[in-house]
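An overview of the molecular structure
Each chain, written out:
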Amino acid sequence: MTTPSELNRRGRLRRWVTLETTSGVLLLIAAVLALVWANSPWREAYQALSEFVIGPEALHLDLSLAKWAADGLLAVFFFIVGVELKHEIVAGSLRRPREAAVPVFAAVGGMIVPALIYVAVVTALRDPSALGGWAIPTATDIAFAIAVLAIFGRGLPRALRTFLLTLAVVDDLLAIIVIAVFYTSGLSLLWLGASLVAVALFAFVVRSRRPAPWLLLALALAAWGLMHASGVHATIAGVLLGFMVPARAVHGESETRTHRYEHAVRPFSSGIALPLFAFFSAGVSLVDGDGPASVLAQPVVPAIVLGLVVGKLVGVLGVTALVTRFTPLRLPDSIGLRDLLPVGFLTGIGFTVSLLIAELSFPDAGHTAGAKLAILLASFLAACLAAVFLRWDA
């Protein structure tokens, strides 16, 4: 029997794991640990662990641990993204188009400009085989970005955080569309249809008066497995399932189910799923082959670094300036264009989704290693620049 003190400890642990700063710190620790291990004398053990295969072969789910982290655990994170999107569209910052329009346009600019910079750099450096990674610098890591804002941006207007949240949520939505459209291979309409049926059943059950957790979990696993079999990246199932959760109170409840399910799942997402994904994705070896020089010499490295650090800043601030100058749309009264400078750098933290797109973009290890290293470098540089300007403003 669980004692009150144990319940209290679990409650404190849950609150600690879901803190904005904790999520970013755990991601950072996992990435550093992976990078150190992958370049240590025991790097073969890291590689063997990443490539260890587990799962039922009959269901085509005999995947490596690294693949389980990218396709399985990350689907939990995308479920949270789906729930947040649903809430913002129905009851949050995206429900009033006029107020949401500026950060929405900024998010679009923050994806187009980095992609153009990436394509221009790899073309100039004559590496057409790297063009498939054009979407890598378009994503923003909402967990890291909000963590940096929470640590260094205390005292700044709340409208600044709302702007960043709205922009990051739209950025996530656009990244999901990019993954679904451009990184789907061997599409099977039969399995996709079966997955959508499972999602529809999940929607029916999650809106019922008393949805059984075991049934929701079974339907979610079925939707994920069928989506994986269809050729569409399995994390898309997580987003669709999150979208099915009602964002308004139903059956006389005082709390919305989006809030309840997000509160229930976020500790696992922040404390386990995301750190494990970072651990298995960030382990770039710099000592094998020709050493760090060969990895850094990849044209994808300057393309991604410039795309994330410069492209995101120019895209977000440039489009915001154009929209507020030539349309009736305006920023909130408490912030101006100059205040968005640190936000522009925060959007250059591309960590989680960028690492996922990097794994989907290239069939060869050389490009993938260069892309991952560039994402880590760019995210670190963007976070440092954002921290400096946040402290300056605060």
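Residues numbered from 1 in each chain as written. Predicted model: local features only at pLDDT ≥ 70, side-chain atom pairs only at ≥ 80, totals over all residues. Heavy atoms only, no water.

1. Some words on the overall build of the protein
- Counting its regular elements, the protein contains 16 helices and 2 strands.
- On the principal axes, the C-alpha backbone points of the protein span a range of 60 × 55 × 50 Å.
- Evaluated residue by residue, the protein yields a buried proportion of 51% over its 394 residues.
- The long-range share in the protein, meaning contacts at least 24 apart out of those at least 6 apart in sequence, stands at 80%.
- Looking at the protein as shown, the accessible area adds up to about 18,200 Å², and 69% of this sits on carbon and sulfur atoms.
- Taking the average location of the 28 positive side-chain charges in the protein and that of its 24 negative ones, the two points are 12 Å from each other. (Helix = DSSP H or I, 4+ residues; strand = E, 2+ residues; numbered from the N terminus. Buried < 20%, exposed > 50% of the residue type's maximum accessible area, 1.4 Å probe, protein only. Contact = heavy atoms within 4.5 Å. Areas by Shrake-Rupley, 256 points an atom, 1.4 Å probe, with all protein chains shown as cover. Lys, Arg positive; Asp, Glu negative; His and termini not counted. Charge placed at Lys NZ, Arg CZ, Asp CG, Glu CD.)

2. Some thoughts on the nonpolar core
- Among the nonpolar cores identified, the biggest contains 94 residues, and Phe 78, Ile 304 and Leu 346 are the most heavily contacted of them.
- If you tally residues by element for this core, the top one is helix H7 (residues 158-182), at 12 residues.
- Apart from the residues within four sequence positions on either side, Ile 304 is in contact with Tyr 118, Ile 136, Pro 137, Ala 371, Ala 374, Ile 375 and Ala 378.
- By size, the runner-up hydrophobic cluster in this structure holds 14 residues, among which are Ala 198, Phe 202, Val 205 and Ala 223. (Core = buried A, V, L, I, M, F, W, Y, C linked by side-chain atoms within 4.5 Å.)

3. Brief notes about helix H8 (residues 189-206)
- With 18 residues, H8 ought to run about 26 Å at 1.5 Å a step, and its terminal C-alpha atoms sit 25 Å apart, in line with that.
- By the burial criterion, the buried members of H8 are Leu 192, Ser 195, Ala 198, Val 199, Phe 202, Ala 203, Val 205 and Val 206. For H8, the arc enclosing every buried residue in end-on projection is 170°, short of the 170-degree limit, so these residues lie on one face. Facing away from the buried side of H8, by more than 90 degrees, are the exposed residues Leu 189, Leu 190 and Phe 204.
- In this fold, the buried residues of H8 make contact with helix H4 (65-90), helix H9 (213-230), helix H10 (235-244) and helix H11 (257-281). (Expected span 1.5 Å × (residues − 1). Arc of directions from axis to C-beta.)

4. Remarks on the environment of Gly 92
- Within the secondary structure layout, Gly 92 lies in the loop between H4 and helix H5 (97-124).
- Gly 92 sits 70 residues away from Thr 162 along the chain, and the two C-alpha atoms are 10.0 Å apart.

5. So, H5
- Here H5 is 28 residues long and its end C-alpha atoms lie 39 Å apart, about the 40 Å a rise of 1.5 Å per residue gives.
- Directly beyond the C-terminal end of H5, a positive phi value near 60° is found at Arg 126.

6. Some details on the environment of Asn 8
- Along the chain, the position of Asn 8 falls in helix H1 (residues 4-17).
- Sequence separation of Asn 8 and Ser 129 is 121 residues, and the distance between their C-alpha atoms is 54 Å.

7. Regarding the packing of helix H6 (residues 142-152) against H7
- The contact between H6 and H7 brings their axes to 10 Å, and the two run at 170°. It follows that H6 is roughly antiparallel to H7 by the angle criterion. Where H6 approaches H7, its residues Ile 142, Ala 145, Ile 146 and Leu 149 are matched on the opposing element by Arg 161, Leu 164, Leu 165, Ala 168, Val 169 and Asp 172.
- A per-class count over the contact of H6 with H7 returns 8 nonpolar, no polar and 2 charged. (Axes fitted to C-alpha atoms, helices over the stretch in contact; angles between N-to-C directions. Parallel < 35°, antiparallel > 145°, perpendicular 65-115°, else oblique. Nonpolar A, V, L, I, M, F, W, Y, C, P; charged D, E, K, R; others polar.)

8. Focus: unusual backbone geometry
- A positive phi angle is found at Arg 126, which is not glycine, with a value near 60°.
- Assignment of secondary structure puts Arg 126 in the loop between H5 and H6.
- Under the relative-accessibility criterion, Arg 126 is labelled exposed at 75%.

9. Let's talk about the pattern of salt bridges
- Summed over all chains, the structure comprises 6 salt bridges.
- Note that Lys 312 is salt-bridged to Asp 171, the shortest N-O span being 2.7 Å. Of this pair, Lys 312 sits in helix H13 (residues 300-326) while Asp 171 sits in helix H7; the two residues are 141 residues apart in sequence, bridging distant segments of the chain. Asp 171 matches Lys 312 in its accessibility class, with the two residues each being buried.
- Among the ionic contacts, a cluster of salt bridges with common partners joins Glu 84, Glu 262 and Arg 266. (Salt bridge = Lys/Arg side-chain N within 4 Å of Asp/Glu carboxyl O.)

10. Side note on the packing of aromatic side chains
- This model, assessed by the stated rule, comprises 9 aromatic pairs.
- For the ring pair Trp 37 and Phe 279, a centre distance of 5.9 Å and an interplane angle of 45° mean the geometry is tilted. Taken together, the positions of Trp 37 in helix H2 (residues 20-38) and Phe 279 in helix H11 put the pair 242 residues apart, joining distant regions of the chain.
- According to the relative accessible area criterion, Phe 279 is buried, its value standing at 10%.
- By way of ring pairs, the aromatic residues Trp 37, Tyr 46, Phe 279 and Phe 280 are connected into one cluster. (Phe/Tyr/Trp six-rings, centres within 6.5 Å; stacked < 30°, edge-to-face > 60°.)

11. Some points on a nonpolar patch on the surface
- A surface patch of nonpolar side chains, about 310 Å² in accessible area, is lined by Leu 13, Trp 16 and Leu 19.
- Of note, Trp 16 is situated in helix H1.
- Take Trp 16: its relative accessible area is 44%, and that puts it in the partly exposed class. (Patch = residues over 30% accessible without salt bridge, like charges linked within 9 Å, V, L, I, M, F, W, Y side chains within 5 Å.)

12. Re the side chain of His 367
- Residue placement: His 367 occurs in helix H16 (residues 365-393).
- For His 367, a relative accessible area of 8% puts it in the buried group.
- Contacts of His 367, omitting those with residues within four sequence positions, involve Asp 127, Ser 129, Ala 130, Gln 298, Val 300 and Phe 362.

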